[in-house]
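So the chains spell out like this:
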Amino acid sequence: SYEAPVPIQCSTQSRQLNAPVTRVSCPAGCRSQNTNVWGTDIYTDDSSICRAAIHAGILTDAGGQAIVEKRPGQNSYQGSTRNEITTASYGVWSGSFVISYEAPGVL
């Protein structure tokens, strides 16, 4: 089971989280923030978690809870536009994360 959700800001990056898997709680209003995101579905660990979650379709601009899972670095990251957020492409980077819905029944 996961710990209580960690409240984060629109600018929080997965590299700032200590655990390999963290339940986070994003505030509302991150879509319009100027925080960078690199990648699609798998994101660089210096990307905004909350904006990546909106891009991935896991959260809306209303915020909410999601699961952040750290992943190894990738050789490349592909940018795209989804849910009114445009992410950038990038080359080799040292760390990544994926974001998913909160596991059902895990409170």
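What you see is a predicted model, and the numbers here were worked out from it, not measured in a lab. (Residues numbered from 1 in each chain as written. Predicted model: local features only at pLDDT ≥ 70, side-chain atom pairs only at ≥ 80, totals over all residues. Heavy atoms only, no water.)

**Student:** Which residues make up the state of the cysteines, and what values go with them?
**Tutor:** Tallied over the entire structure, the rule returns two disulfides. The partner cysteine of Cys10 in its disulfide is Cys30, sulfur to sulfur 2.1 Å. Taking the sign of the torsion about the S-S bond as the criterion, the disulfide between Cys10 and Cys30, at about -85°, is left-handed. Residue Cys10 is found in the loop between strand 1 (6–7) and strand 2 (21–26), and its partner Cys30 is found in the loop between strand 2 and strand 3 (39–40); the two are separated by 20 residues along the sequence. (Disulfide = S-S within 2.5 Å. Helix = DSSP H or I, 4+ residues; strand = E, 2+ residues; numbered from the N terminus.)

**Student:** Tell me what's going on with the packing of aromatic side chains, and back it up with residues and numbers.
**Tutor:** Evaluated as defined, the whole model comprises three aromatic pairs. On the numbers, 5.6 Å between centres and 85° between planes, the contact of Tyr90 with Trp93 is edge-to-face. When its relative accessible area of 22% is taken as the criterion, Trp93 is described as partly exposed. Aromatic rings pair up to connect Trp38, Tyr90 and Trp93 into one cluster. (Phe/Tyr/Trp six-rings, centres within 6.5 Å; stacked < 30°, edge-to-face > 60°. Buried < 20%, exposed > 50% of the residue type's maximum accessible area, 1.4 Å probe, protein only.)

**Student:** Which residues make up the pattern of salt bridges, and what are the values?
**Tutor:** Side-chain pairing between opposite charges can occur once the charged atoms of the two side chains come close. In total, this model carries four salt bridges according to the counting rule given. A salt bridge links Arg15 to Asp45; the nearest nitrogen and oxygen atoms lie 3.2 Å apart. Remark: Asp45 occurs in the loop between strand 4 (42–44) and helix 1 (49–55) and Arg15 occurs in the loop between strand 1 and strand 2; sequence separation between them is 30 residues. Given the relative accessible area of 43%, Arg15 is considered partly exposed. With relative accessibility at 13%, the residue Asp45 sits in the buried group. For the salt bridge of Arg71 with Glu69, the shortest nitrogen-to-oxygen distance reads 3.2 Å. Residue classification places Arg71 among the partly exposed residues on the basis of a relative accessible area of 35%. (Salt bridge = Lys/Arg side-chain N within 4 Å of Asp/Glu carboxyl O.)

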